[in-house]
Amino acid sequence: MKRVGYWMSEKKSKKLNFEEHVDMFRNAGVELLKIDIEKPLEEQGPFDMILHKFTDILVKAQQGYITEQRIMRNIEDYIDSHPECIVVDPLDGIRKLLDRHEQYNLVLDCNTVNTESYMFIPTFVDLTSKDVDENRKKLLDANVQYPFVCKPIVAHGTQDCHKMAVIFSEEGLKDITPPCVAQTFVNHNALLYKIFKIGSKQYIGHRPSLKNLYAGDHPTIFFDTHEVCKSDSSHHLTKLDYEDQDCSPLKPNLAQLNALSETLRQKLGLDLFGVDVIIECDTQRYAVIDINVFPSYDEVDNFFCDLLDHLLFLLNKQQDKHSIISQTTTSQHALLKQTGRSSSLDSCSERIATKRLKTVDQSKERECDCDSVTFPRAVCRYDSNCCKHKQEVMSQQERRNQRNSAGKTSASRILDDM
């Protein structure tokens, strides 16, 4: 039985109903254990894996909160002392996404995201002052156009990270609240596409978004993305103006979105994340506007079945790795004995064990073409039978029964059902 310790905020844990899926994981040979972050992890382990969303704690620790710094030391001390423990997802990768400016620069570094490709990131600049003249110059130098969106520099872990503003002219520069990132607003017919990644699998859903907006003498708009962009939103800011109502919703090229998400996955070293993408009206290019750590997966039916598949893949890969190391070490020790050279098997194993487990590149082992499909309920057509390397504890019949009982959405639905 593999022991997987997990932690996320109480709110997220209840929303995902982790406790209701404990039996499903146990039947697959995985024991789910909720971590008590107030106690030393050494007393709660050993853990074969830690599954988490520590973003709230990471943000407060970086801001100097003593309690959160102590908690993170406890967590990282355990991880450092147990390099064999898989961490989903690595803390260093998550830290890169906490700052929106750093996040956008990381996206810019991806070869598939640039001003000449079908993927781009709208021009942006970080603003650290309320000085209007200073901000005007920084916006001009970065080619940030009106209207632009002001987003808090902290992208995760706070109540304010979803509170934004749209500024239409120089008159609105007084409304900037630093520190923030100013990003050119791209008209996209009020439709936001959300990519959900679970390892190599990709799911795409869509939600309402801000209507088309144009530069001019307009007052600053303040809004909360949790209100405007929720799946059942009827917010007035999502209603297209009369002159834009004849605009047809732009449908994405799924292969291109899959290429984008896989590129980001390799760049970030993360397996559980979401990407917010909009399609520019004039050029029909894809604009990346946000990346989310361990998103809600609201639109993904059977999230836990797919999560379990991914965790089993990682655990089995780790087990295979240990088997190879053990066999190699034993062979080396036998050879040393034959040649009369002395060596310690324990010290050899210790040197190998100190090599920290790096980000898993699952794509090299899973040759399955993910032709994900976009719906209000995100769906991914995916042939899990092609993964011959998987050695799951539960039988195939048991897995099929669980999937059927969970009511997995049929993958035969087509894009036009949107």
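Residues numbered from 1 in each chain as written. Predicted model: local features only at pLDDT ≥ 70, side-chain atom pairs only at ≥ 80, totals over all residues. Heavy atoms only, no water.

**Student:** Even after reading the chapter, I still don't get the sheet that holds strand β1 (residues 2-7), so can you show me in this structure?
**Tutor:** Consider a sheet: its strands pair through backbone hydrogen bonds, and that pairing is either parallel or antiparallel. The strand order across the open sheet formed by 4 strands is β2-β1-β3-β4, and the pairing between neighbours is parallel. Edge positions in the sheet fall to β2 (30-34) and β4 (86-88), since each has one partner strand and no second. Mean inter-strand twist for the sheet, computed between neighbouring axes without regard to direction, equals 20°. With 5 bridges connecting them, β1 and β2 associate as parallel partners. Bridging from a neighbouring strand, K2 pairs with V30 of β2. (Pairing = 2+ DSSP bridges. Helix = DSSP H or I, 4+ residues; strand = E, 2+ residues; numbered from the N terminus. Axes fitted to C-alpha atoms, helices over the stretch in contact; angles between N-to-C directions.)

**Student:** What exactly am I supposed to notice about the packing of aromatic side chains here?
**Tutor:** The geometry of an aromatic ring pair is captured by the separation of the ring centres together with the interplanar angle, meaning the angle of the planes. Under the counting rule described, the total for this entry stands at 13 aromatic pairs. Arranged with centres 4.5 Å apart and planes meeting at 20°, the rings of Y297 and F303 form a pair that is stacked. By relative accessible area, which is 3% here, Y297 ends up buried. Overall, F303 belongs to the buried group, its relative accessible area being 5%. Members of the aromatic cluster, joined through ring pairs, are Y6, F18, F25, F196, F294, Y297, F303 and F304. In this structure, K60 is placed above the aromatic ring of Y65, and the distance from its NZ or CZ to the ring centre is 5.7 Å. Its guanidinium or amino end placed over the ring of F120, R285 lies 4.1 Å from that ring's centre, counting from NZ or CZ. (Phe/Tyr/Trp six-rings, centres within 6.5 Å; stacked < 30°, edge-to-face > 60°. Buried < 20%, exposed > 50% of the residue type's maximum accessible area, 1.4 Å probe, protein only. Lys NZ or Arg CZ within 6 Å of the ring centre and 35° of its normal.)

**Student:** Just checking my understanding: could you explain the environment of G199 for this structure?
**Tutor:** Here G199 shows up in the loop between β10 (191-198) and β11 (201-208). Spatially, the C-alpha atoms of G199 and R265 are 8.4 Å apart, while their sequence positions differ by 66 residues.

**Student:** So what exactly am I meant to see when it comes to the environment of Q62 here?
**Tutor:** Relative to the elements of secondary structure, Q62 occurs in helix α4 (residues 55-62). Along the primary structure Q62 and L98 are separated by 36 residues, whereas in three dimensions their C-alpha atoms are 9.9 Å apart. Residues in contact with Q62, not counting those within four places in the same chain, are R95 and L98. (Contact = heavy atoms within 4.5 Å.)

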